[in-house]
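Residue strings, one per chain:
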Amino acid sequence: MGADRKKIGIMGGTFDPIHVGHLILGEKAYEQLGLDRVWFMPSGNPPHKRNRKGQASNEQRVSMVKKAIAGNPHFELSLIEMNEDGYTYTYRTLERLKEENPDTDYYFIIGADSLYDFATWKKPERICGACTIVVAARDHVPAKSLDQQMTFLSQQYHGCFIRLDTLNIDISSRLIRQWLHEGKSLRYYVPDPVVSYIRKNNIYLTSEGDIG
């Protein structure tokens, strides 16, 4: 790898809503891998999440990401998947980025749950050909199990998988939405500006409720 090459991390997802788990993983990847930037890339129309009734709109999800990352100079918002026609696929996005920026190496950050589903993704071998995959611990998956799965997938698809040395963060957007419906506080789990935005726009809630 040349010294003049850029290193960009990509944190993809629906971010419905974005929470501190996403931010911690992005920061840890930046630090551990010596990245130049970490892009937060909301999925525009992910094929595995077609039923989005009762959830945030595309504009709302983008606004929440903007508010969450505003205070970090090496976090950036990428809208590359928000402007595609039809369903968005990771391999297409990564290949497009690689073609447009041949001087950049991309590091795609995923959770352990996604690692075990990776073989079901569209064109996994092409994803591996376009980036290094960075795997974060989740749901108390043992490190040995993660390493075995990464070894298997790297052999299967000729890819490079790196385990992110970070704390296990058992938090998900689905859990956050559940807490909202139950009237529980989101404080310290979701950045305050995002919580305020959710409250102001009454996102996820059918009636007024305390979202902390």
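Heads up: these notes are all about the structure in this document. No experiment lies behind these values; they were computed from the predicted model shown.

Criteria and thresholds
Residues numbered from 1 in each chain as written. Predicted model: local features only at pLDDT ≥ 70, side-chain atom pairs only at ≥ 80, totals over all residues. Heavy atoms only, no water. Helix = DSSP H or I, 4+ residues; strand = E, 2+ residues; numbered from the N terminus. Buried < 20%, exposed > 50% of the residue type's maximum accessible area, 1.4 Å probe, protein only. Axes fitted to C-alpha atoms, helices over the stretch in contact; angles between N-to-C directions. Parallel < 35°, antiparallel > 145°, perpendicular 65-115°, else oblique. Contact = heavy atoms within 4.5 Å. Nonpolar A, V, L, I, M, F, W, Y, C, P; charged D, E, K, R; others polar. Arc of directions from axis to C-beta. Core = buried A, V, L, I, M, F, W, Y, C linked by side-chain atoms within 4.5 Å. Phe/Tyr/Trp six-rings, centres within 6.5 Å; stacked < 30°, edge-to-face > 60°.

**Focus on the environment of D165**
Working step 1: Turning to its location among the elements, D165 is positioned in the loop between β6 (161–164) and α7 (173–181).
Working step 2: The exposure class of D165 is partly exposed, given its relative accessible area of 47%.
Working step 3: With 133 residues separating them along the chain, D165 and Q32 place their C-alpha atoms 7.7 Å apart.

**Structural notes on the packing of helix α2 (residues 58–69) against helix α8 (residues 192–201)**
Packed helices, taken two at a time, are described by the angle between their axes plus the distance between the axes.
Working step 1: At a minimum axis distance of 8 Å, the contact between α2 and α8 shows a crossing angle of 150°. Here α2 lies roughly antiparallel to α8, going by the angle between them. In this structure, α2 uses E59, Q60, S63, M64, K67 and A68 to contact α8, whose residues at the interface are P193, V194, Y197, I198 and N201.
Working step 2: Split by residue class, the contact of α2 with α8 holds six nonpolar, three polar and two charged.

**Thoughts on α7**
Working step 1: Those residues of α7 that sit buried are S173, I176, R177, W179 and L180. Down the axis of α7, the sector holding all buried residues measures 160°, keeping them to one side. Every exposed residue of α7 that faces more than 90 degrees away from the buried side is listed here: R174 and H181.
Working step 2: For α7, the secondary structure elements touched by its buried residues are α1 (20–33) and α8.

**Re the environment of D170**
Working step 1: Within the fold, D170 resides in the loop between β6 and α7.
Working step 2: C-alpha of D170 to C-alpha of G21: the two residues are 149 residues apart in sequence and 8.1 Å apart in space.

**A closer look at the nonpolar core**
Working step 1: Membership of the largest hydrophobic core comes to 35 residues, with the highest contact counts inside it found for I18, F40 and M64.
Working step 2: Those elements giving two or more residues to this core turn out to be α1, β2 (37–42), α2, β4 (104–111), β5 (132–136), α7 and α8.
Working step 3: Here I18 is in contact with L23, F40, M64, V65, A68, V190, P191 and V194, once residues within four sequence places are set aside.
Working step 4: Listed in part, the 27 residues of the second largest apolar core include M41, Y89, A130 and A137.

**So, the packing of aromatic side chains**
Working step 1: Under the defined criterion, the tally for this structure stands at nine aromatic pairs.
Working step 2: On the numbers, 4.8 Å between centres and 80° between planes, the contact of W179 with Y189 is edge-to-face. One end of the pair, W179, is in helix α7; the other, Y189, is in the loop between α7 and α8, with 10 residues separating them in the sequence.
Working step 3: Here Y189 falls in the partly exposed class, since its relative accessible area comes to 38%.

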